[in-house]
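Residue-level structure breakdown
Each chain is listed here by its residues.
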Amino acid sequence: MLAVPLMDVAVGEVEALGLDPEKFGAFYEEALPRIYGYFLHRCGGSKPVAEDLTQETFLASVSELNKGRRPETPIPWIYGIARHKLLDHYRKQARVEQPLADAVLALDASVSLLQEDGGRERAVAALAAVPASQRTALVLCYLDGFTAAEVGGELGKSTAAVHSLLERGRESFKRAYREGER
Amino acid sequence: MSSDDPVIRLLADLDRPARPRVEFRDSLLARLLAQLEDGMGREPAAQASARSTGWRARVLRAVRRRPRRTILAFAAVTGAAVAALFVSSPWTTAPGFLEQVNAAITPPAGSVLHVKLVMTEKRSCTVTQPPFETWAELSPPHKYRVIDILASTDLCKPGISIERGGEPALRKALVFLPPNTLAISRRMYAWELAADPDPFGKLRQAIADGTAHLEGRAALDDGRTVERVRQDCTEEQRAQFSPCDPIYVYVDPETFLPVRTLSGPGIRPGRGGTCTAECYVQDFQTYEYLPGTPANRALADIRAQHPNATEAEFSGGREADEIREHYPDATGP
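Just so we're clear, the structure is a prediction, and the values are computed from it rather than from any experiment. (Residues numbered from 1 in each chain as written. Chains lettered and ligands numbered in written order. Predicted model: local features only at pLDDT ≥ 70, side-chain atom pairs only at ≥ 80, totals over all residues.)

The helix and strand inventory of chain A stands at seven helices and zero strands. Ordered by position from N to C terminus, the α and β elements of chain A give α-α-α-α-α-α-α. Taken over 182 residues, chain A has a buried fraction of 42%. Of the contacts made within chain A by residues no fewer than 6 positions apart, 66% connect residues no fewer than 24 positions apart. (Helix = DSSP H or I, 4+ residues; strand = E, 2+ residues; numbered from the N terminus. Buried ≥ 20, exposed ≤ 12 C-beta atoms within 10 Å, placed from the backbone. Contact = placed C-beta atoms within 7 Å.)

A separate point is the overall build of chain B. When its secondary structure is counted, chain B shows eleven helices and 14 strands. A buried classification covers 35% of the 333 residues belonging to chain B. Sequence-distant contacts, at least 24 apart, represent 62% of the contacts inside chain B between residues at least 6 apart.

What follows concerns the nonpolar core. Where a protein is soluble and globular, its nonpolar side chains tend to be buried together. Counting residues in hydrophobic clusters, the biggest one holds 49 residues, and the most contacted among them are Val 175, Leu 203 and Val 249 of chain B. With sequence-adjacent residues up to four places away left out, Leu 203 of chain B is seen in contact with Ile 105, Ala 212, Gln 231 and Val 249 of chain B. Formed by 28 residues, the second largest nonpolar core is a distinct cluster that contains Ile 35, Leu 53 and Ala 82 of chain A together with Leu 33 of chain B. (Core = buried A, V, L, I, M, F, W, Y, C linked by C-beta atoms within 7 Å.)

To continue, consider the pairing of strand E5 (residues 144-150) of chain B. Residue and element names in this part refer to chain B. Across the seven residues of E5, six count as buried, placing the element largely inside the fold. Here strand E4 (residues 132-137) pairs with E5 via four bridges, running antiparallel. By the bridge assignment, Ala 136 is partnered in E5 with Tyr 144. Here E5 runs beside strand E6 (residues 160-167); their pairing, made up of seven bridges, is antiparallel. By the bridge assignment, Ile 149 is partnered in E6 with Ser 161. (Pairing = 2+ DSSP bridges.)

All names here are of chain B. Sheet topology places strand E7 (residues 172-177) next to strand E8 (residues 181-185); five bridges connect them, and they run antiparallel. The partner of Leu 174 across the bridge, within E8, is Ile 184. The hairpin turn running from E7 into E8, its antiparallel successor, is three residues long. Strand direction decides the pairing type here: E8 and strand E14 (residues 310-313), joined by four bridges, are parallel. For Ile 184, the partnering residue across the bridge sits in E14 and is Glu 313.

Tracing the chain through its elements places His 89 of chain A in helix H3 (residues 74-96). Taking the C-alpha atoms as reference, His 89 of chain A lies 9.4 Å from Val 49 of chain A; in sequence the two are 40 residues apart.

The next subject is unusual backbone geometry. All names here are of chain B. A cis amide bond links Pro 140 to the next residue, Pro 141, at an omega of 10 degrees. Along the chain, Pro 141 turns up in the loop between E4 and E5. With an omega of 10 degrees, the peptide bond running from Pro 178 to Pro 179 counts as cis. Mapped onto the fold, Pro 179 is located in the loop between E7 and E8. Despite not being glycine, His 142 shows a phi value in the positive range, around 60 degrees.

Residues and elements named next belong to chain A. Two elements in contact, helix H1 (residues 21-42) and helix H2 (residues 47-66), have axes whose closest approach is 8 Å; the angle formed by their N-to-C orientations is 135 degrees. Between H1 and H2, the angle falls in the class oblique. For the pair H1 and H2, the sense of crossing is right-handed. On H2, the residues that touch Ile 35, Tyr 36, Phe 39 and Leu 40 of H1 are Lys 47, Val 49, Ala 50, Leu 53, Thr 54 and Thr 57. Across the contact of H1 with H2, the residue classes tally to seven nonpolar, two polar and one charged. (Axes fitted to C-alpha atoms, helices over the stretch in contact; angles between N-to-C directions. Parallel < 35°, antiparallel > 145°, perpendicular 65-115°, else oblique. Left-handed = near helix turned anticlockwise from the far one by under 90°. Nonpolar A, V, L, I, M, F, W, Y, C, P; charged D, E, K, R; others polar.)

With that settled, consider the confidence of the model for chain B. Residues and elements named next belong to chain B. Residue-level pLDDT values for chain B average 75, and 71% of them are 70 or greater. For chain B, per-element mean pLDDT is lowest for strand E1 (residues 84-86), which scores 33, and highest for helix H9 (residues 294-299), which scores 96. Low pLDDT, under 50, characterises residues 46-53; the predicted model gives this stretch nine contacts beyond four residues in sequence or across chains. Scored below 50 in pLDDT, residues 64-93 shows 90 contacts in the model against residues more than four places distant or in partner chains. (pLDDT = per-residue confidence, 0-100.)

Take the confidence of the model for chain A next. Residues shown with low pLDDT carry predicted positions that ought not to be read at fine detail. Residue and element names in this part refer to chain A. Predicted confidence across chain A gives a mean pLDDT of 74, with 76% of residues reaching 70 or more. Mean pLDDT in chain A bottoms out at helix H6 (residues 148-155), which sits at 78, and peaks at H2, which reaches 91. Contacts for the low-pLDDT stretch residues 98-117, under 50 throughout, to residues beyond four places or in other chains number 18 contacts.

As a further point, take the environment of Ser 124 of chain B. Residues and elements named next belong to chain B. Position of Ser 124 among the secondary structure elements: in the loop between strand E2 (112-122) and strand E3 (126-128). Classification of Ser 124 as exposed rests on a count of 9 C-beta atoms within 10 Å. Each C-alpha atom of the pair Ser 124 and Leu 155 lies 9.5 Å from the other, and the pair is 31 residues apart in sequence.

This part covers the packing of helix H5 (residues 132-143) of chain A against helix H7 (residues 159-179) of chain A. Residue and element names in this part refer to chain A. Packing of H5 against H7 brings their axes to within 8 Å, and their N-to-C directions diverge by 100 degrees. Accordingly, the angle class assigned to the pair H5 and H7 is roughly perpendicular. On the side of H5, the interface is formed by Ser 133, Gln 134, Arg 135, Ala 137, Leu 138 and Cys 141, while H7 contributes Val 162, Leu 165, Leu 166, Arg 168, Gly 169, Ser 172 and Phe 173. In terms of residue class, the contact of H5 with H7 is made up of seven nonpolar, four polar and two charged.

Moving on, we come to H5 of chain A. Residues and elements named next belong to chain A. With ten of its twelve residues buried, H5 lies for the most part within the structure. Buried within H5 are the following residues: Ser 133, Gln 134, Arg 135, Thr 136, Ala 137, Leu 138, Val 139, Leu 140, Cys 141 and Tyr 142. Within two residues after H5, Gly 145 carries a phi angle of roughly 80 degrees, on the positive side.

Time to look at H7 of chain A. Compared with an ideal rise of 1.5 Å per residue, which puts 21 residues at 30 Å, H7 of chain A spans 30 Å between its outermost C-alpha atoms and is within 8% of the ideal. Among all positions in H7 of chain A, only Val 162, Leu 165, Leu 166, Gly 169, Arg 170, Ser 172, Phe 173, Lys 174 and Tyr 177 of chain A are buried. (Expected span 1.5 Å × (residues − 1).)

Dropping the structure here:
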């Protein structure tokens with residue numbers, strides 16, 4: 001609590017967002033690192049991509065505000081916009097990328113991924129190497145906390161298909177992560 | 001899928017904030033504010049809110065002036081001659097000295113932390129704020145009381161002193177409004193929890209994990225000879241704030257207590273640690289651990305300090321505006 005600035009906008013209790021520029025400035029300060037980090041870690045650690053998507057997200061948010069939208073919970077609201085931008089980005093990638101080879105390394109079930117050095121950076125790179133459809137399922141389920149059924153609804157796939165994507169995605173992620181140490 | 005799955009744990013560990021480039025942050029905000037201005041033309045209430053001239057620049061400055069949500073936001077600088085003149089530069093890790101610093105800033109169990117400091121900020125103008133003082137229980141229920149600074153809307157003018165305090169478990173903060181009201185602020189609650197009551201908690205951590213380095217002797221601008229310690233960013237801070245700026249801590253060689261910190265994005269690293277742009281200095285007048293006696297604990301209890309005050313909600317407007325109405329000419333509560 002020492003020397004914490006006395007603010008008129010709190011972190012977890014941001015009031016309804018409108019066109020007041022000072023409130024928007026406080027909201028921006030709070031939301032920017034979250035949204036930028038959201039994209040940075042889901043897009044292979046690419047700062048240019050994270051910046052582009054962050055910019056698109058905030059521009060879309062202001063466009064909504066200018067149309068009269070007044071979100072009462074601005075942080076979850078802008079996360080929702082960011083998620084759609086991310087899915088659009090993944091869809092564009094899916095159209096152009098080549099799927100990874102199907103050969104799956106025989107992984108030891110007891111593989112201890114978490115104890116290795118530089119784990120976070122390698123995890124970011126490994127996630128980026130996972131095919132887009134599988135990556136989408138991994139991100140929505142394991143980072144964003146959606147259920148397989150909800151992800152299926154978002155992607156237009158059955159729950160079973162999402163489980164299949166998750167299973168293959170985990171294997172792809174493990175393979176890419178292990179390759180990252182070579 | 002079990003949370004013991006290493007893939008899931010690795011992925012979950014990726015979900016954390018990150019600080020973008022300052023240039024990106026500022027240019028995007030400027031663009032957003034310009035678009036917001038278009039919308040304001042159609043909404044009278046927003047027009048009224050932004051009626052004062054230069055609002056866009058004011059918001060940009062407000063975001064720029066808070067490089068991170070820690071003690072940095074309030075600190076200070078003494079001018080272009082800034083902080084300290086490096087006298088010698090034997091870069092060394094000197095664990096013995098740092099261990100003594102660590103011992104000096106490690107609180108005894110059950111004590112009450114008492115800190116008083118003066119903060120100066122240097123941007124295009126140099127502003128010395130009124131003294132900041134806090135008492136904080138370092139054991140449950142962790143009550144705290146702060147003579148805080150409510151920042152001026154003009155960054156080139158000092159803020160005003162106000163008194164606030166609380167108890168984290170009660171999920172509210174109390175702001176003393178003269179003559180005899182304790183206004184309940186729930187907006188500040190989240191800030192309280194996020195903050196560390198001890199300004200040197202991170203220095204202790206830096207000493208423990210090897211990211212604090214003794215750089216050598218320095219002379220402060222008031223003539224005192226001190227030891228300069230560079231506190232580098234931890235891995236976690238780098239992940240969250242990239243680029244992450246070091247903090248320079250000036251330590252009294254006799255008491256091993258920090259007497260000044262220098263921080264901010266405008267510091268040119270290396271010899272002298274000179275301030276080239278936006279910098280902050282905190283001069284510590286008091287840093288002590290008081291025994292946890294009832295009398296000392298009462299110092300951390302805003303209710304005990306105002307036993308006859310009435311608790312009341314804010315009226316619903318901007319809390320800062322309402323507080324200012326109660327401290328119209330104040331330099332202290």
